[in-house]
Amino acid sequence: MPPIIEKDKCIGCHKCVDLCPVDVYGVQEKKGCPPVIRYPEECWHCNACVFDCPAKAIRLRVPAPLAMVFVDAPERKREN
Ligand code: SF4
Ligand code: SF4
């Protein structure tokens, strides 16, 4: 299942685009816009984008069988 981007929180930094190992995200033409979900079925729920999004704008929908072993990304304290 693809991640959900909360567009009102997203600052359009595209960090998620750069870090996703399977290129789920794509960039929109306009700078500063939320990314698009280009390959939704490729997400393997690694949590990297959720963990590193500076705006905490990404949520994952974890399929039920996977949810039994899934652990949410811990809240990380900002270092600056
Ligand atoms: S990392 Fe977060 S804030 Fe940056 S583009 Fe992706 S969803 Fe938006
Ligand atoms: S959870 Fe992992 S695979 Fe899925 S969109 Fe985020 S970084 Fe990509």
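Anyway, here's the lowdown on the structure attached to this text. (Residues numbered from 1 in each chain as written. Chains lettered and ligands numbered in written order. Predicted model: local features only at pLDDT ≥ 70, side-chain atom pairs only at ≥ 80, totals over all residues. Heavy atoms only, no water.)

Right, let's get into the pattern of salt bridges. Side-chain pairing between opposite charges can occur once the charged atoms of the two side chains come close. One pass over the structure, following the stated rule, counts 2 salt bridges. For Glu6, the salt bridge is made with Lys9, and the minimal N-O distance between the two is 3.5 Å. The shortest N-O distance in the salt bridge between Arg59 and Glu6 comes to 3.1 Å. One end of the pair, Arg59, is in strand β4 (residues 58-59); the other, Glu6, is in the loop between β1 (4-5) and α1 (15-19), with 53 residues separating them in the sequence. Judged by its relative accessible area of 43%, Arg59 is partly exposed. (Salt bridge = Lys/Arg side-chain N within 4 Å of Asp/Glu carboxyl O. Helix = DSSP H or I, 4+ residues; strand = E, 2+ residues; numbered from the N terminus. Buried < 20%, exposed > 50% of the residue type's maximum accessible area, 1.4 Å probe, protein only.)

Turning next to the site of ligand 1. Taken together, Cys10, Ile11, Gly12, Cys13, His14, Lys15, Cys16, Pro35, Cys53, Pro54, Ala55 and Ile58 are the residues near ligand 1. Residues belonging to the shell around ligand 1 are distributed by class as follows: 9 nonpolar, 2 polar and 1 charged. (Near = heavy atom within 4 Å. Nonpolar A, V, L, I, M, F, W, Y, C, P; charged D, E, K, R; others polar.)

Looking now at the nonpolar core. Grouped together as the largest cluster of nonpolar side chains are 15 residues, with contacts concentrated most on Cys16, Tyr25, Cys49 and Ile58. If we ignore the near neighbours within four places in the chain, the residues touching Tyr25 are Pro3, Ile5, Cys16, Val17, Cys20, Pro35, Val36, Ile37, Arg38, Cys49 and Ile58. (Core = buried A, V, L, I, M, F, W, Y, C linked by side-chain atoms within 4.5 Å. Contact = heavy atoms within 4.5 Å.)

Mapped onto the secondary structure, His45 falls in the loop between β3 (36-37) and α2 (48-52). The exposure class assigned to His45 is buried, which follows from its relative accessible area of 10%. Within polar-contact distance, the side chain of His45 engages the backbone oxygen of Arg61 at 3.4 Å. (Polar contact = N/O pair within 3.5 Å; in protein donor to acceptor, adjacent residues only side chain to side chain.)

Notably, Asp23 is not glycine yet its phi reads approximately 55°, a positive angle. Within the fold, Asp23 resides in the loop between α1 and β2 (25-26). Positive phi, normally seen in glycine, also occurs at Asn47, with a value near 80°. Relative accessible area serves as the criterion here: at 9%, Asn47 is assigned to the buried category.

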